[in-house]
Amino acid sequence: ELGCDLVILLGDNFYDDGVASVDDPQWQSKFEEPYAGIDLPFYAVLGNHDYGGELPLLGSAGLGGLGNQFEKGPIEVAYTDVSEKWTMPATFYTFQLGPVGFVAMDTNAMMFDNTDNGDQSAWYPGAVAELAGSDWIVGLGHHPYLSNGQHGNAGDYDGLELAGQTVTLPIVAGEGVKEFFDAHVCGSVDVYLSGHDHLRAWLDEPEALCGATLIVSGAGAKLRSIVERGNRTLFQDDTREGFLHATVDGDSFVGRFFDRDGLLDFEHMVVR
């Protein structure tokens, strides 16, 4: 009823550990069949589960024999040539839709400073420059910059459950994500959309990322409880699955959080 031009998937597209090939049956059961009735392009970014689960990639050496899983990302890229609606031209990329420029990032690679699929640090400045004529620039990534969810803030993400114990590794805390965002993303996007934490939240921290609006929409399939981390919010919910619908019209960006039944829970406008 509101109209829609595209769908954005913010990562963890395939639980629990991604897809094995472009012929993996999960493409049908978890993408093509559920969304058969939606005739729109789907633009996706990669989540940690797309790369192999809770312990995403620790480089080619791996950890405890897990090995290198960064090769799984390009499988989802390759499916772009198979599907009529799935769109992921690279593990990180840009695209334009009317007055909006989108910069889709691979936050998993940031976490581990991995360049197997390209150097995002070298790519980012030129990519954003190509979108400079856009009225709005929207950043897309799996990991949040700030969140009151169980994973939390970049640079302070929660630990890993290994052998029944929580183990905190600095690299998994998201220090690489925070460093990348502080160095490159800050001041270059108007809005940053992320998932990872399984809740819906509209942060009220305008100075955190050089004035960018921070939105977490990770409740499309499952829920995890809010953890009070001190981040101010205009809205947050961990009780109902749901999604974000956004409209850009000139100088205004209007975001609406709907629940799983299509009921409006929250609406807010940002004016440039």
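Below is a short write-up of the structure. (Residues numbered from 1 in each chain as written. Predicted model: local features only at pLDDT ≥ 70, side-chain atom pairs only at ≥ 80, totals over all residues. Heavy atoms only, no water.)

This next bit is on helix α5 (residues 175-185). Since there are 3.6 residues in each turn of an α-helix, residues three or four apart along the chain are aligned in direction. Looking only at α5, the buried set comprises G176, V177, F180, F181 and V185. End-on view of α5: buried residues confined to an arc of 130°, all on one side of the axis. Opposite the buried face of α5, by more than 90 degrees, sit the exposed residues E179 and A183. Where the residues of α5 are buried, they touch α3 (107-111), α4 (120-130) and β9 (191-194). Just past α5, the residue G187 takes up positive phi, approximately 90°. (Buried < 20%, exposed > 50% of the residue type's maximum accessible area, 1.4 Å probe, protein only. Helix = DSSP H or I, 4+ residues; strand = E, 2+ residues; numbered from the N terminus. Arc of directions from axis to C-beta. Contact = heavy atoms within 4.5 Å.)

Within the secondary structure, T107 sits in helix α3. Of note is the side chain of T107, whose polar atom sits 2.6 Å from the side chain of H143. If near-sequence neighbours (up to four positions away) are discounted, T107 is found in contact with G141, H142, H143, V177, F181 and Y192. (Polar contact = N/O pair within 3.5 Å; in protein donor to acceptor, adjacent residues only side chain to side chain.)

On the surface, a cluster of negative charge is contributed by D113, D119, E175 and E179. Relative to the helices and strands, E175 is located in helix α5. E175 gets classed as partly exposed once you look at its relative accessible area, which sits at 39%. (Patch = residues over 30% accessible without salt bridge, like charges linked within 9 Å, V, L, I, M, F, W, Y side chains within 5 Å. Areas by Shrake-Rupley, 256 points an atom, 1.4 Å probe, with all protein chains shown as cover. Salt bridge = Lys/Arg side-chain N within 4 Å of Asp/Glu carboxyl O. Lys, Arg positive; Asp, Glu negative; His and termini not counted. Charge placed at Lys NZ, Arg CZ, Asp CG, Glu CD.)

Turning our eyes to something else, we now look at the packing of aromatic side chains. In total, this model carries 24 aromatic pairs according to the counting rule given. Aromatic side chains W27 and W86 sit 5.0 Å apart centroid to centroid with 85° between the ring planes, which places their arrangement in the edge-to-face category. One end of the pair, W27, is in helix α1 (residues 26-32); the other, W86, is in strand β3 (residues 86-87), with 59 residues separating them in the sequence. One aromatic cluster is present, built from ring pairs that chain together F14, W27, F31, Y35, F42, Y79 and W86. Over the ring of W136 we find R272; its NZ or CZ atom is 5.6 Å from the centre of that ring. (Phe/Tyr/Trp six-rings, centres within 6.5 Å; stacked < 30°, edge-to-face > 60°. Lys NZ or Arg CZ within 6 Å of the ring centre and 35° of its normal.)

Attention shifts here to α4. Taken as a whole, α4 has its buried residues at Q120, Y124, A127 and V128. Across the axial projection of α4, the buried residues extend over an arc of 90°, all falling on one side. Opposite the packed face of α4, turned more than 90 degrees from it, sit the exposed residues A122, A129 and E130. On its buried face, α4 sits against β4 (93-97), β5 (100-104), α3, β6 (136-140) and α5. In this structure D119 caps α4, since a side-chain oxygen of it lies 3.0 Å from the backbone nitrogen of S121.

Ranked by internal contacts, the top residues of the largest apolar core, which has 67 residues, are W86, M105, L140 and F181. In this structure F181 touches M105, T107, M110, Y145, C186, Y192 and L209, once residues within four positions along its chain are discounted. (Core = buried A, V, L, I, M, F, W, Y, C linked by side-chain atoms within 4.5 Å.)

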